[in-house]
Amino acid sequence: MQIHGLNKTTLLDYPGIVASTIFTGCCNFRCPFCQNSDLVLDPSSQPVITEEEVIGHLVKRKGIVQGVCITGGEPTIQKDLKSFIIRLKDLGLKVKLDTNGYNPEVLEELLELNLLDYIAMDIKSSLNDYSRAAGIDIDTTVIQRSVNLIMNSGIDYEFRTTVVRQLHNKETFIEIGNLIKGCEKYFLQGFVDSERVLMQGLSSYSKLEMDEFANTLNEYVKSIEVRGVD
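Predicted model, so just to flag it, every value in this text is computed and none were measured.

A. Just the environment of Gly5, in detail. With respect to the secondary-structure elements, Gly5 resides in strand S1 (residues 3-10). Of the residues examined, Gly5 reaches a relative accessible area of 12% and is grouped as buried. Once the C-alpha coordinates of Gly5 and Gln46 are considered, the two residues, 41 residues apart in sequence, prove to be 8.4 Å apart. Ignoring sequence-local partners within four residues, the contact set of Gly5 consists of Thr21, Ile22, Phe23 and Ile49.

Here's what the structure looks like:
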């Protein structure tokens, strides 16, 4: 596993669980609003954390840390992901996977092996505009496959969208609502600009505008929440 970051204790990344979060390098998307551009574009410039360091930390924190969130980058492009998760499960830990959903074969195998307890998938935009939001040409049937796989997985899951003024509008969320209709949890996340963002010049919506998008989505999803916006 190509691990470049470790948040040793978090109450935010895994709902209801005291967790550690690891950050993997590399990604198959180039989302213009990405906050982890160093991990995406130049992971070799980042410090390397070995699997043994992570496992050692988790062993020491046994009884305190209950789960691990694996994020990135995009974890599903890591060839050792399955074997690493098996090591986590052998420690009795719950595993949450953050993913862009563009490797449904990996998700399917991990689910079949009962290696995941929670999946958080980023919905970048409506299917019609997915390539622009992902920064590469997207086969949207792959996205649809992952959405269906996750919604029928039988485990806890959430979908989420980072909302950017230049990329999303009300029609975007009506189309997303139809894509994930009936899902358990959907989060609208406020975009935060910084020097680390992949594309400069992007901007966010206000809390009032985000709440209006959420109201639009009420008829499509079981639970909708705005987060990361003051």
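B. The arrangement of the side chain of Glu51 in detail. Along the chain, Glu51 falls in helix H2 (residues 51-60). A polar contact of 3.2 Å, which involves the side chain of Glu51, links it to the backbone nitrogen of Met1.

C. Unusual backbone geometry, seen in detail. A cis amide bond, omega 10°, links Gly72 with the succeeding residue Gly73. Considering the arrangement of structural elements, one finds Gly73 in the loop between strand S3 (67-71) and helix H3 (81-90). We note that Cys26 has phi near 75°; this positive angle belongs to a residue other than glycine. Note that Cys26 resides in the loop between strand S2 (19-24) and helix H1 (37-41). For Cys26, a relative accessible area of 25% puts it in the partly exposed group.

D. Main features of the state of the cysteines. Enumeration according to the criterion identifies zero disulfides in this entry. Cysteine Cys27 remains unbridged, with the sulfur of Cys31 as its closest cysteine sulfur at 6.2 Å. Judged by relative accessible area, Cys27 falls into the buried class, the value being 16%. Sulfur of Cys183: no disulfide; nearest cysteine sulfur belongs to Cys69 and is 18 Å away. Take Cys183: its relative accessible area is 0%, and that puts it in the buried class.

The rules we used
- Residues numbered from 1 in each chain as written.
- Predicted model: local features only at pLDDT ≥ 70, side-chain atom pairs only at ≥ 80, totals over all residues.
- Heavy atoms only, no water.
- Helix = DSSP H or I, 4+ residues; strand = E, 2+ residues; numbered from the N terminus.
- Buried < 20%, exposed > 50% of the residue type's maximum accessible area, 1.4 Å probe, protein only.
- Contact = heavy atoms within 4.5 Å.
- Polar contact = N/O pair within 3.5 Å; in protein donor to acceptor, adjacent residues only side chain to side chain.
- Disulfide = S-S within 2.5 Å.

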